[in-house]
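Examining the three-dimensional arrangement
In case you want the letters, here they are:
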Amino acid sequence: MKTPPRAHPLWLAFILHRLSGLALALFLPLHFWTLSRAITAPDSLDSFFALTELPMVKLAEFGLVFLLAVHLFGGLRLLALEFLPWSNSQKTLAAAAVGVAVLVSGSFFLNAI
Amino acid sequence: MSKPEQTLDVTVWRGTAAGGELETHKVPAHDNQTVLDVVSWIQHHSDPTLTYRFACRVGMCGSCAMMVNGIPRWTCRTHVGKVVDEGKLTIEPLRNLPVIKDLAADMDAFFDKWVAAEGLHHPTQSRQDPIEPIDATTPARKQANAGIECINCAVCYAACDTVAGNPEYLGPAALQRAWTLLNDTRDGARATILDAVSGAGGCHNCHSMGSCTQYCPNELDPMSAIAGVKRETVRHALLRRKDA
(Lines give C-alpha, C1' and ligand atoms only; values in the text may rest on other atoms or scores of the structure.)
Protein backbone atom coordinates (compact mmCIF):
# COMPACT_ATOMS: atom_id res chain seq x y z
CA MET A 1 0.00 0.00 0.00
CA LYS A 2 1.18 3.50 -0.77
CA THR A 3 2.02 5.62 2.26
CA PRO A 4 0.44 9.08 2.52
CA PRO A 5 2.42 11.90 0.91
CA ARG A 6 4.74 13.43 3.47
CA ALA A 7 5.73 16.61 1.69
CA HIS A 8 4.23 18.87 4.32
CA PRO A 9 6.48 21.22 6.31
CA LEU A 10 6.21 19.49 9.70
CA TRP A 11 7.14 16.08 8.33
CA LEU A 12 10.06 17.55 6.37
CA ALA A 13 11.22 19.32 9.54
CA PHE A 14 11.06 15.97 11.34
CA ILE A 15 13.14 14.11 8.75
CA LEU A 16 15.71 16.94 8.57
CA HIS A 17 16.06 16.83 12.36
CA ARG A 18 16.35 13.03 12.41
CA LEU A 19 18.92 12.79 9.58
CA SER A 20 21.06 15.67 10.91
CA GLY A 21 20.97 14.03 14.36
CA LEU A 22 22.12 10.68 12.95
CA ALA A 23 24.89 12.33 10.92
CA LEU A 24 26.12 14.23 13.98
CA ALA A 25 26.02 11.03 16.04
CA LEU A 26 28.30 9.42 13.47
CA PHE A 27 30.59 12.46 13.42
CA LEU A 28 31.08 12.87 17.19
CA PRO A 29 33.10 9.67 17.93
CA LEU A 30 35.41 10.57 15.04
CA HIS A 31 35.71 14.09 16.40
CA PHE A 32 36.64 12.93 19.90
CA TRP A 33 39.07 10.33 18.57
CA THR A 34 40.82 13.03 16.52
CA LEU A 35 41.03 15.35 19.54
CA SER A 36 42.46 12.52 21.65
CA ARG A 37 45.41 12.39 19.24
CA ALA A 38 46.58 15.70 20.76
CA ILE A 39 47.64 13.65 23.78
CA THR A 40 48.41 10.24 22.29
CA ALA A 41 50.00 11.18 18.95
CA PRO A 42 50.60 14.93 18.45
CA ASP A 43 52.58 14.41 15.23
CA SER A 44 49.84 12.57 13.42
CA LEU A 45 47.35 15.22 14.60
CA ASP A 46 49.50 17.93 12.98
CA SER A 47 49.58 16.04 9.69
CA PHE A 48 45.80 15.61 9.96
CA PHE A 49 45.43 19.38 10.42
CA ALA A 50 47.36 19.83 7.18
CA LEU A 51 44.53 17.90 5.50
CA THR A 52 41.98 20.49 6.65
CA GLU A 53 43.41 22.97 4.14
CA LEU A 54 42.05 20.84 1.28
CA PRO A 55 39.00 22.35 -0.47
CA MET A 56 37.01 19.10 -0.05
CA VAL A 57 37.55 19.18 3.70
CA LYS A 58 36.54 22.85 3.78
CA LEU A 59 33.33 21.84 2.01
CA ALA A 60 32.77 19.05 4.52
CA GLU A 61 33.24 21.57 7.35
CA PHE A 62 30.53 23.69 5.79
CA GLY A 63 28.27 20.62 5.78
CA LEU A 64 29.10 20.01 9.43
CA VAL A 65 28.19 23.55 10.45
CA PHE A 66 24.99 23.20 8.42
CA LEU A 67 24.10 19.98 10.25
CA LEU A 68 24.81 21.59 13.63
CA ALA A 69 22.75 24.67 12.80
CA VAL A 70 19.83 22.64 11.43
CA HIS A 71 19.82 20.35 14.44
CA LEU A 72 20.16 23.21 16.94
CA PHE A 73 17.31 25.23 15.47
CA GLY A 74 15.25 22.11 14.81
CA GLY A 75 15.60 21.23 18.50
CA LEU A 76 14.58 24.74 19.56
CA ARG A 77 11.61 24.47 17.20
CA LEU A 78 10.51 21.20 18.84
CA LEU A 79 10.89 22.64 22.33
CA ALA A 80 8.81 25.66 21.35
CA LEU A 81 6.24 23.51 19.57
CA GLU A 82 5.75 21.14 22.47
CA PHE A 83 6.45 23.20 25.58
CA LEU A 84 5.09 26.65 24.82
CA PRO A 85 1.28 26.72 24.86
CA TRP A 86 1.20 29.63 22.45
CA SER A 87 -1.07 30.11 19.48
CA ASN A 88 0.34 29.34 16.03
CA SER A 89 0.52 33.02 15.03
CA GLN A 90 2.46 33.83 18.22
CA LYS A 91 4.93 31.06 17.38
CA THR A 92 5.30 32.30 13.81
CA LEU A 93 6.05 35.80 15.08
CA ALA A 94 8.55 34.50 17.64
CA ALA A 95 10.31 32.37 15.00
CA ALA A 96 10.46 35.32 12.62
CA ALA A 97 11.90 37.53 15.39
CA VAL A 98 14.58 34.95 16.21
CA GLY A 99 15.37 34.53 12.50
CA VAL A 100 15.82 38.28 11.98
CA ALA A 101 17.88 38.54 15.17
CA VAL A 102 20.21 35.73 14.05
CA LEU A 103 20.59 37.35 10.63
CA VAL A 104 21.36 40.81 12.03
CA SER A 105 23.69 39.63 14.80
CA GLY A 106 25.32 37.10 12.43
CA SER A 107 26.18 39.74 9.84
CA PHE A 108 27.47 42.00 12.65
CA PHE A 109 29.62 39.13 13.92
CA LEU A 110 31.01 38.46 10.43
CA ASN A 111 31.83 42.17 10.08
CA ALA A 112 33.56 42.20 13.45
CA ILE A 113 35.94 39.30 12.72
CA MET B 1 -22.98 18.32 -17.56
CA SER B 2 -20.53 15.52 -18.09
CA LYS B 3 -21.11 13.34 -21.10
CA PRO B 4 -22.77 10.04 -20.26
CA GLU B 5 -19.94 7.95 -21.73
CA GLN B 6 -17.31 9.41 -19.37
CA THR B 7 -16.01 6.87 -16.92
CA LEU B 8 -13.57 6.61 -14.05
CA ASP B 9 -11.03 3.81 -13.63
CA VAL B 10 -11.59 2.84 -10.04
CA THR B 11 -9.19 0.34 -8.49
CA VAL B 12 -10.38 -1.18 -5.23
CA TRP B 13 -8.52 -3.50 -2.90
CA ARG B 14 -10.21 -6.89 -2.53
CA GLY B 15 -9.26 -9.48 0.03
CA THR B 16 -9.11 -10.50 3.66
CA ALA B 17 -6.52 -10.53 6.43
CA ALA B 18 -4.92 -13.48 4.62
CA GLY B 19 -4.12 -11.33 1.58
CA GLY B 20 -5.69 -9.71 -1.43
CA GLU B 21 -5.26 -7.85 -4.66
CA LEU B 22 -6.36 -4.76 -6.55
CA GLU B 23 -9.33 -4.98 -8.93
CA THR B 24 -10.34 -2.30 -11.43
CA HIS B 25 -13.89 -1.25 -12.31
CA LYS B 26 -15.26 1.24 -14.85
CA VAL B 27 -17.60 3.62 -13.04
CA PRO B 28 -19.72 6.36 -14.69
CA ALA B 29 -18.34 9.83 -13.99
CA HIS B 30 -20.64 12.61 -12.85
CA ASP B 31 -20.10 16.28 -12.09
CA ASN B 32 -21.00 15.75 -8.48
CA GLN B 33 -20.10 12.49 -6.82
CA THR B 34 -18.23 11.49 -3.70
CA VAL B 35 -15.74 8.67 -3.34
CA LEU B 36 -18.36 6.85 -1.26
CA ASP B 37 -20.83 7.21 -4.18
CA VAL B 38 -18.26 5.52 -6.41
CA VAL B 39 -17.72 2.64 -3.99
CA SER B 40 -21.49 2.22 -3.62
CA TRP B 41 -21.93 2.22 -7.42
CA ILE B 42 -19.45 -0.66 -7.71
CA GLN B 43 -21.34 -2.65 -5.11
CA HIS B 44 -24.76 -1.89 -6.65
CA HIS B 45 -23.89 -2.36 -10.31
CA SER B 46 -20.61 -4.16 -10.76
CA ASP B 47 -19.77 -6.46 -7.86
CA PRO B 48 -22.29 -6.98 -5.03
CA THR B 49 -19.71 -8.87 -2.96
CA LEU B 50 -17.65 -5.72 -2.34
CA THR B 51 -17.49 -5.03 1.39
CA TYR B 52 -17.19 -1.52 2.81
CA ARG B 53 -18.50 0.47 5.75
CA PHE B 54 -20.56 3.63 5.98
CA ALA B 55 -23.52 4.99 7.91
CA CYS B 56 -24.42 8.69 7.96
CA ARG B 57 -23.03 9.89 4.59
CA VAL B 58 -22.66 13.44 5.97
CA GLY B 59 -19.32 13.36 7.81
CA MET B 60 -20.63 12.79 11.31
CA CYS B 61 -20.30 9.09 12.09
CA GLY B 62 -16.68 8.42 11.14
CA SER B 63 -17.40 5.02 9.53
CA CYS B 64 -16.34 5.46 5.93
CA ALA B 65 -12.67 6.43 6.06
CA MET B 66 -10.49 4.71 3.42
CA MET B 67 -7.21 5.32 1.64
CA VAL B 68 -7.98 7.26 -1.54
CA ASN B 69 -5.04 7.52 -3.95
CA GLY B 70 -2.76 6.85 -0.96
CA ILE B 71 -4.28 9.47 1.36
CA PRO B 72 -6.61 8.64 4.27
CA ARG B 73 -9.92 10.44 3.75
CA TRP B 74 -13.56 10.47 4.86
CA THR B 75 -14.99 9.12 1.62
CA CYS B 76 -18.55 10.46 2.10
CA ARG B 77 -17.35 14.05 2.01
CA THR B 78 -14.53 13.69 -0.48
CA HIS B 79 -15.55 14.99 -3.90
CA VAL B 80 -14.16 12.77 -6.66
CA GLY B 81 -13.21 15.87 -8.68
CA LYS B 82 -10.83 16.97 -5.91
CA VAL B 83 -8.89 13.69 -5.66
CA VAL B 84 -9.13 11.97 -9.04
CA ASP B 85 -5.78 11.56 -10.78
CA GLU B 86 -6.10 11.45 -14.59
CA GLY B 87 -9.43 9.65 -14.38
CA LYS B 88 -8.09 7.12 -11.88
CA LEU B 89 -8.98 6.41 -8.26
CA THR B 90 -7.31 3.80 -6.07
CA ILE B 91 -9.31 2.94 -2.97
CA GLU B 92 -7.84 0.79 -0.21
CA PRO B 93 -8.69 -0.01 3.42
CA LEU B 94 -7.29 2.30 6.10
CA ARG B 95 -3.56 2.00 6.72
CA ASN B 96 -2.18 0.86 10.10
CA LEU B 97 -5.21 -1.33 10.87
CA PRO B 98 -5.82 -4.99 10.06
CA VAL B 99 -8.35 -5.57 7.31
CA ILE B 100 -11.55 -7.57 7.83
CA LYS B 101 -12.61 -7.76 4.21
CA ASP B 102 -12.06 -5.55 1.16
CA LEU B 103 -12.40 -1.91 2.26
CA ALA B 104 -13.55 -2.57 5.82
CA ALA B 105 -10.67 -2.22 8.29
CA ASP B 106 -10.78 -3.79 11.74
CA MET B 107 -11.17 -0.79 14.08
CA ASP B 108 -10.75 -2.79 17.32
CA ALA B 109 -7.14 -1.72 17.92
CA PHE B 110 -8.10 1.91 17.36
CA PHE B 111 -10.94 1.86 19.90
CA ASP B 112 -9.03 -0.34 22.38
CA LYS B 113 -6.33 2.33 22.46
CA TRP B 114 -8.99 4.99 23.04
CA VAL B 115 -9.89 3.07 26.22
CA ALA B 116 -6.23 2.37 27.08
CA ALA B 117 -5.61 6.13 27.04
CA GLU B 118 -8.41 6.45 29.66
CA GLY B 119 -10.55 8.19 27.05
CA LEU B 120 -13.62 7.50 29.19
CA HIS B 121 -15.67 9.82 31.33
CA HIS B 122 -14.61 9.68 34.98
CA PRO B 123 -17.54 11.32 36.76
CA THR B 124 -17.13 13.72 39.67
CA GLN B 125 -20.86 13.93 40.38
CA SER B 126 -23.88 11.67 40.39
CA ARG B 127 -27.32 12.14 38.88
CA GLN B 128 -28.57 13.34 42.25
CA ASP B 129 -26.32 16.39 42.13
CA PRO B 130 -27.51 19.64 40.52
CA ILE B 131 -26.21 20.26 36.98
CA GLU B 132 -22.80 21.88 37.18
CA PRO B 133 -22.54 25.19 35.32
CA ILE B 134 -19.64 25.17 32.83
CA ASP B 135 -17.97 28.41 31.78
CA ALA B 136 -17.56 28.09 28.00
CA THR B 137 -15.07 30.95 27.82
CA THR B 138 -12.16 29.54 29.83
CA PRO B 139 -9.04 28.59 27.84
CA ALA B 140 -9.25 24.99 29.09
CA ARG B 141 -12.88 24.64 27.97
CA LYS B 142 -11.98 26.02 24.55
CA GLN B 143 -9.30 23.33 24.22
CA ALA B 144 -11.79 20.68 25.25
CA ASN B 145 -14.41 22.03 22.82
CA ALA B 146 -11.94 21.75 19.94
CA GLY B 147 -11.22 18.11 20.72
CA ILE B 148 -14.82 16.91 21.11
CA GLU B 149 -15.42 17.50 17.39
CA CYS B 150 -13.47 14.26 16.73
CA ILE B 151 -15.67 11.71 14.92
CA ASN B 152 -13.37 8.68 15.52
CA CYS B 153 -12.80 8.09 11.81
CA ALA B 154 -9.17 6.93 12.33
CA VAL B 155 -7.86 9.07 9.45
CA CYS B 156 -5.19 10.48 11.80
CA TYR B 157 -4.32 6.96 12.95
CA ALA B 158 -3.86 5.84 9.33
CA ALA B 159 -1.79 8.93 8.49
CA CYS B 160 0.61 8.55 11.44
CA ASP B 161 4.07 7.13 10.69
CA THR B 162 4.71 6.66 14.41
CA VAL B 163 1.75 4.27 14.60
CA ALA B 164 3.15 2.47 11.54
CA GLY B 165 6.52 2.07 13.27
CA ASN B 166 5.27 1.23 16.77
CA PRO B 167 2.06 -0.83 17.06
CA GLU B 168 1.95 -0.09 20.81
CA TYR B 169 1.62 3.66 20.25
CA LEU B 170 -1.79 4.95 21.35
CA GLY B 171 -2.08 7.23 18.33
CA PRO B 172 -3.34 10.77 17.72
CA ALA B 173 -7.08 10.28 18.30
CA ALA B 174 -6.78 8.53 21.67
CA LEU B 175 -4.22 11.06 22.93
CA GLN B 176 -6.35 13.97 21.75
CA ARG B 177 -9.25 12.42 23.68
CA ALA B 178 -7.02 12.33 26.78
CA TRP B 179 -6.18 16.01 26.26
CA THR B 180 -9.89 16.84 25.98
CA LEU B 181 -10.59 15.11 29.30
CA LEU B 182 -7.61 16.77 31.00
CA ASN B 183 -9.20 20.10 30.06
CA ASP B 184 -12.69 19.09 31.15
CA THR B 185 -13.49 20.28 34.69
CA ARG B 186 -16.13 17.54 34.99
CA ASP B 187 -13.56 14.76 34.68
CA GLY B 188 -12.20 13.44 37.95
CA ALA B 189 -9.30 11.16 37.02
CA ARG B 190 -6.48 13.47 36.04
CA ALA B 191 -3.70 11.35 37.56
CA THR B 192 -5.11 8.12 36.04
CA ILE B 193 -5.21 9.69 32.57
CA LEU B 194 -1.69 11.09 32.89
CA ASP B 195 -0.39 7.67 33.95
CA ALA B 196 -2.17 6.02 31.02
CA VAL B 197 -0.73 8.39 28.40
CA SER B 198 2.86 8.59 29.66
CA GLY B 199 3.77 4.88 29.48
CA ALA B 200 5.62 2.91 26.82
CA GLY B 201 3.06 3.54 24.06
CA GLY B 202 2.20 7.01 25.29
CA CYS B 203 2.44 10.59 24.11
CA HIS B 204 6.24 10.79 24.27
CA ASN B 205 6.48 8.51 21.22
CA CYS B 206 5.09 11.34 19.10
CA HIS B 207 7.70 12.97 16.83
CA SER B 208 5.43 15.90 15.92
CA MET B 209 5.44 14.90 12.25
CA GLY B 210 2.04 16.53 11.97
CA SER B 211 0.42 14.12 9.50
CA CYS B 212 -2.56 13.77 11.88
CA THR B 213 -3.22 17.50 11.76
CA GLN B 214 -2.47 17.59 8.03
CA TYR B 215 -5.09 14.98 7.13
CA CYS B 216 -7.78 15.36 9.84
CA PRO B 217 -11.00 15.83 7.84
CA ASN B 218 -12.56 17.93 10.62
CA GLU B 219 -9.51 20.21 10.64
CA LEU B 220 -8.71 19.37 14.25
CA ASP B 221 -5.16 19.61 15.56
CA PRO B 222 -4.23 16.34 17.32
CA MET B 223 -0.52 17.18 17.14
CA SER B 224 -0.96 20.27 19.33
CA ALA B 225 -3.26 18.28 21.64
CA ILE B 226 -0.50 15.67 22.05
CA ALA B 227 1.96 18.52 22.76
CA GLY B 228 -0.44 19.61 25.51
CA VAL B 229 -0.49 16.08 26.93
CA LYS B 230 3.33 16.04 26.88
CA ARG B 231 3.44 19.33 28.81
CA GLU B 232 0.99 18.05 31.40
CA THR B 233 2.86 14.76 31.93
CA VAL B 234 6.12 16.69 32.43
CA ARG B 235 4.48 19.14 34.84
CA HIS B 236 2.87 16.25 36.71
CA ALA B 237 6.20 14.38 36.96
CA LEU B 238 8.01 17.48 38.26
CA LEU B 239 5.36 18.47 40.79
CA ARG B 240 4.53 14.98 42.01
CA ARG B 241 5.10 14.60 45.73
CA LYS B 242 7.71 12.02 46.65
CA ASP B 243 5.52 9.84 48.86
CA ALA B 244 7.65 6.74 48.79
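Predicted model, so just to flag it, every value in this text is computed and none were measured.

Considering the domain arrangement of chain B
When the parts come together, some accessible area is lost, and that loss is often what is quoted as the size of the interface. Residues and elements named next belong to chain B. Each assigned domain of chain B is listed with its residue range as follows: domain 1 (7–105) and domain 2 (108–239). Here the C-alpha centroids of domain 1 and domain 2 sit 29 Å apart. Every contact between the two is made by 15 residues of domain 1 and, on the other side, 15 residues of domain 2. Listed by contribution, the elements that provide at least two residues to the side of domain 1 that touches domain 2 are strand S3 (65–68) and strand S4 (71–74). A per-element tally of the side of domain 1 that touches domain 2 places S4 first, with 4 residues. Considering only residue class, the side of domain 1 that touches domain 2 consists of 9 nonpolar, 3 polar and 3 charged.

Digging into the UniProt feature "transmembrane region" (unreviewed entry) in chain A
Residue and element names in this part refer to chain A. Under the local residue numbering, the UniProt record ascribes the feature "transmembrane region" (unreviewed entry) to residues 62–80 and 92–110. Across residues 62–80 one finds 100% helix and 0% strand; the C-alpha atoms that close the span lie 27 Å apart. Structurally, residues 92–110 comprises 100% helix and 0% strand, and the distance from its first C-alpha atom to its last is 27 Å.

Some details on the UniProt feature "binding site: heme" (unreviewed entry) in chain A
Feature annotation in UniProt places "binding site: heme" (unreviewed entry) on His-71 of chain A, given in this structure's numbering. Contacts of His-71 of chain A, omitting those with residues within four sequence positions, involve His-17, Ser-20, Gly-21 and Leu-24 of chain A.

A few points about unusual backbone geometry
All names here are of chain B. Despite not being glycine, Arg-57 has its phi angle at roughly 65°, a positive value. Residue placement: Arg-57 occurs in the loop between helix H1 (35–46) and S3. On the basis of neighbour counts, which here come to 16 C-beta atoms within 10 Å, the residue Arg-57 falls in the partly exposed class. With phi around 55°, Glu-219 is a residue other than glycine that occupies positive phi space.

A look at the nonpolar core
One broad trend across soluble globular proteins is that nonpolar side chains are buried collectively. Residue and element names in this part refer to chain B. Counting residues in each nonpolar core, the largest one holds 61 residues, and the members touching the most others are Ile-91, Ala-154, Val-155, Cys-156, Leu-175, Ala-178 and Val-197. Among the elements that take part in this core, helix H7 (residues 172–182) stands out by supplying 7 residues, more than any other. When residues no more than four places from it in sequence are discounted, the contact partners of Cys-156 are Pro-172, Ala-173, Cys-212, Tyr-215, Cys-216 and Pro-222.

Calculation rules
Residues numbered from 1 in each chain as written. Chains lettered and ligands numbered in written order. Predicted model: local features only at pLDDT ≥ 70, side-chain atom pairs only at ≥ 80, totals over all residues. Domains from an automatic or database assignment. Contact = placed C-beta atoms within 7 Å. Helix = DSSP H or I, 4+ residues; strand = E, 2+ residues; numbered from the N terminus. Nonpolar A, V, L, I, M, F, W, Y, C, P; charged D, E, K, R; others polar. UniProt positions renumbered as here; feature names shortened; annotations may be inferred. Buried ≥ 20, exposed ≤ 12 C-beta atoms within 10 Å, placed from the backbone. Core = buried A, V, L, I, M, F, W, Y, C linked by C-beta atoms within 7 Å.

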